[in-house]
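Residues per chain, in single letters:
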Amino acid sequence: MKLNTNSNVYTVVYAAVIVVVVAFLLAFVSTALKDRSDANVENDTKKQILASLGQRAIADADVQATWDKYIVADLVVDTAGNVVSEGTSKDQDGFRINRRDIKAENNALPVFVATVEGQTKYVLPLTGKGLWGPIWGYIAVDADGKTVFGAYFNHESETAGLGAEIKAEYFQAEFVGKQIEDATGEVALTVVKNGKVDDATTQCDGISGATLTGNGVAAMLSEGLRLYQPYLHKLNQ
Amino acid sequence: MAALFSKENRQAFTEPLSLNNPVLVQVLGICSALAVTAKLEPAIVMGLSVTVITAFSNVIVSLIRKTIPNRIRIIIQLVVVAALVTIVSMILKAFAYDVSVQLSVYIGLIITNCILMGRLEAFAMTNGPWQSFLDGIGSGLGYAWILVVVGAVRELLGNGTLLGFNIIPEACYNAGYVNNGMMTMPAMSMIILGCIIWVHRAYTTKNTK
């Protein structure tokens, strides 16, 4: 008997079977590989945090050792600036907070405490929206809670050669030594349109042709750092 | 063995490289050619991934082509492509994380690439798996070399580099040479593509006459 591949019953059954097979296949591959890819993601996050402290281009095998060498604790602080969790384990408390959950209403903000050449630094994770998708970054701050020690930015789908350049070291290097706040105590660290820097103490030069991604970074900085301001002020006392 | 590389099979592979090039002649996949060619490296990555995905989705669709109900064939093709791309990206995430991070930007562009759908519909639905595989590889490479040429021109003239290495000597900059910022804009990829099509048409029509 030859099947009539144009009949309604056949079409519906065929579609159902294909969907079930594909769903099963995807679920199977995803579960089978979950542990491995989670470990990769964790390793990559550690790499990014270390990059904001100026420790770049670390080989995959050395990430854990470098992490243990520089990172002292992963604190959790609240929006009033109080330390909620000491994070002595280095990767169980603040490290476990998903960057998407860094919001005022969750009231739990991760802070990574590091020691670089004897000096204490604080790394603050930030998250925001670029032109096409999520962007995120880590700002390392000196012990005074005012001066930027280093920065790292990454993105999911910004335009290659333009917005994607926020990932490049030359852009991130601009942030080193900038002040987070201006004289009035507001968050002033920002990215401006390429070639429009008025105040070099807080403004970083944007990337030519990537104004919208630059605006995203600027919004991420002002919103994200505002959450951390109470904590940064306490550091300063 | 001889049958595997018969004249028709060889044609399935070589035609998309030039005479029936997916970008130049069929004018497919233009949008992604615009998006990823500001630098040479993403162009190469995108070209290779499309080649792999086109080849394997061609094979899968060709294997099940006789069972696919005619009325929902496009949906079935899309499911095959999307599932394949997702599985490949999950495998890369577990075993080659750096590559997967680079590719993540292009995953969406690969699934919606018109070359994939075009080849599945026009070739894999009516031909056997081995021929479809060759056609997929050929179409992918035909697409890839255009991307690489456009990417190389744009990176060289726009940034003075190739794959991130400085190509234009410092002396030229000192003598007053300036990188052409226009080249990093998406519009320039259309103009370069237009020039390539022009040269290609002029060459192939002269040869066929």
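Figured I'd write up the structure that's included with this text. All figures in this text were calculated on a predicted structure; none of them were measured in a lab.

Calculation rules
Residues numbered from 1 in each chain as written. Chains lettered and ligands numbered in written order. Predicted model: local features only at pLDDT ≥ 70, side-chain atom pairs only at ≥ 80, totals over all residues. Heavy atoms only, no water. Core = buried A, V, L, I, M, F, W, Y, C linked by side-chain atoms within 4.5 Å. Buried < 20%, exposed > 50% of the residue type's maximum accessible area, 1.4 Å probe, protein only. Helix = DSSP H or I, 4+ residues; strand = E, 2+ residues; numbered from the N terminus. Contact = heavy atoms within 4.5 Å. Buried area = accessible area lost by both parts, 1.4 Å probe. Salt bridge = Lys/Arg side-chain N within 4 Å of Asp/Glu carboxyl O. Polar contact = N/O pair within 3.5 Å; in protein donor to acceptor, adjacent residues only side chain to side chain. Pairing = 2+ DSSP bridges. Axes fitted to C-alpha atoms, helices over the stretch in contact; angles between N-to-C directions.

**Topic: the nonpolar core**
In terms of nonpolar packing, the biggest core is built from 44 residues, with Met46(B), Val61(B), Tyr106(B), Ile110(B), Tyr143(B), Ile146(B) and Leu147(B) touching the most fellow members. Those elements that provide at least two residues to this core are helix H1 (8-52) of chain A together with helix H2 (30-35), helix H3 (40-63), helix H4 (73-95), helix H5 (97-111), helix H6 (114-124), helix H7 (129-159) and helix H9 (186-208) of chain B. For Leu147(B), the contacting residues outside a window of four places in its chain are Ala33(B), Val36(B), Thr37(B), Ala43(B), Met46(B) and Gly47(B). Within the second largest apolar cluster, 35 residues are counted, among which are Leu126(A), Phe171(A), Cys204(A) and Ile207(A).

**Quick word on the interface of chain B and chain A**
Size of an interface, as often reported, equals the accessible area lost when the parts are brought together. Counting from both sides, the interface comprises 29 residues of chain B and, opposite them, 31 residues of chain A. Together, Arg71(B), Met90(B) and Tyr97(B) form the three largest contributors to the area buried by chain B at its contact with chain A, with a combined 21%. If you look at where chain B meets chain A, you find one salt bridge. The shortest N-O distance in the salt bridge between Glu165(A) and Lys39(B) comes to 3.3 Å. If you look at where chain B meets chain A, you find seven residue pairs in polar contact (both at pLDDT 80 or more). Looking at the side of chain B that touches chain A, the elements that each hand over two or more residues are H4 and H5 of chain B.

**Side note on the sheet that holds strand S1 (residues 71-77) of chain A**
Residues and elements named next belong to chain A. On the basis of which strands lie adjacent, the open sheet formed by six strands has the order S2-S1-S3-S4-S5-S6 and antiparallel pairing. Pairing within the sheet leaves two strands with one partner each, and these edge strands are strand S2 (83-85) and strand S6 (148-155). Neighbouring strand axes in the sheet, compared pairwise and without regard to direction, differ in orientation by 30° on average. Summarising the sheet, S1 and strand S3 (residues 109-116) pair through six bridges and their orientation is antiparallel. Across the sheet, Leu75 pairs through a bridge with Val111, a residue of S3. Across the face of the sheet, helix H4 (residues 211-236) comes into contact with S1, S2, S3, strand S4 (119-129), strand S5 (134-141) and S6 while running at roughly 140° to S4.

Just geometry here; none of it tells us what the structure is for.
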